[in-house]
Amino acid sequence: QVQLVESGGGLVQPGGSLRLSCAASGFAFSACAMSWYRQAPGKERELVAEIYSTGRSTNYADSVKGRFTISRDNVKKTVYLQMNSLKPEDTATYYCGRSWSWRAPPDAWGQGTLVTVSS
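We now turn to the structure provided with this report. (Residues numbered from 1 in each chain as written. Predicted model: local features only at pLDDT ≥ 70, side-chain atom pairs only at ≥ 80, totals over all residues. Heavy atoms only, no water.)

**As for the sheet that holds strand S8 (residues 78–83)**
- Taken together, 4 strands build an open sheet; the order of strands is S1-S3-S8-S7 and the sheet is antiparallel. Looking at the sheet topology across the chains shown, the edges are occupied by strand S1 (3–7) and strand S7 (68–73). Sheet twist, expressed as the average angle between the axes of neighbouring strands with direction ignored, equals 15°. (Pairing = 2+ DSSP bridges. Helix = DSSP H or I, 4+ residues; strand = E, 2+ residues; numbered from the N terminus. Axes fitted to C-alpha atoms, helices over the stretch in contact; angles between N-to-C directions.)

**A look at the packing of aromatic side chains**
- In the structure shown here, the tally under the stated rule is 3 aromatic pairs.
- Taking the centre distance of 6.3 Å and the plane angle of 50° together, the rings of Phe27 and Phe29 count as tilted.
- The exposure class of Phe27 is buried, given its relative accessible area of 11%.
- Ring geometry for Tyr52 against Trp102: centres 5.9 Å apart, planes inclined by 80°, an arrangement best described as edge-to-face. With a gap of 50 residues between them, Tyr52 in the loop between strand S5 (46–51) and strand S6 (58–60) and Trp102 in the loop between strand S9 (92–99) and strand S10 (108–109) connect regions that are remote in the sequence.
- Residue Tyr52 is classed as partly exposed on the basis of its relative accessible area, which comes to 27%.
- Using a relative accessible area of 33% as the deciding quantity, one classes Trp102 as partly exposed. (Phe/Tyr/Trp six-rings, centres within 6.5 Å; stacked < 30°, edge-to-face > 60°. Buried < 20%, exposed > 50% of the residue type's maximum accessible area, 1.4 Å probe, protein only.)

Laid out in structure tokens, this is it:
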């Protein structure tokens, strides 16, 4: 019933940009905090960015501050991650998450979209 479908991943060169989208359905999207996590091979899944239900508050990992921007459209029920100045270290599978509480770990996940930053 709860669905989170990521899209927008792909292969980009260092310094390039990508915009990830997460289309949500099956729950009260506007009442939930949303987040993006990523997981690289051999590493644990880590928080990239999260956004409050209204979009007025955001939180970012130090590694992406100033480069990534999380946003949401509560009409379209979609959360976005604009990624600029991409680095090879950003290579990972990116997952969209849902949380009923601000700053709480997600209780639902999408299947992920792969981002590869390479020359």
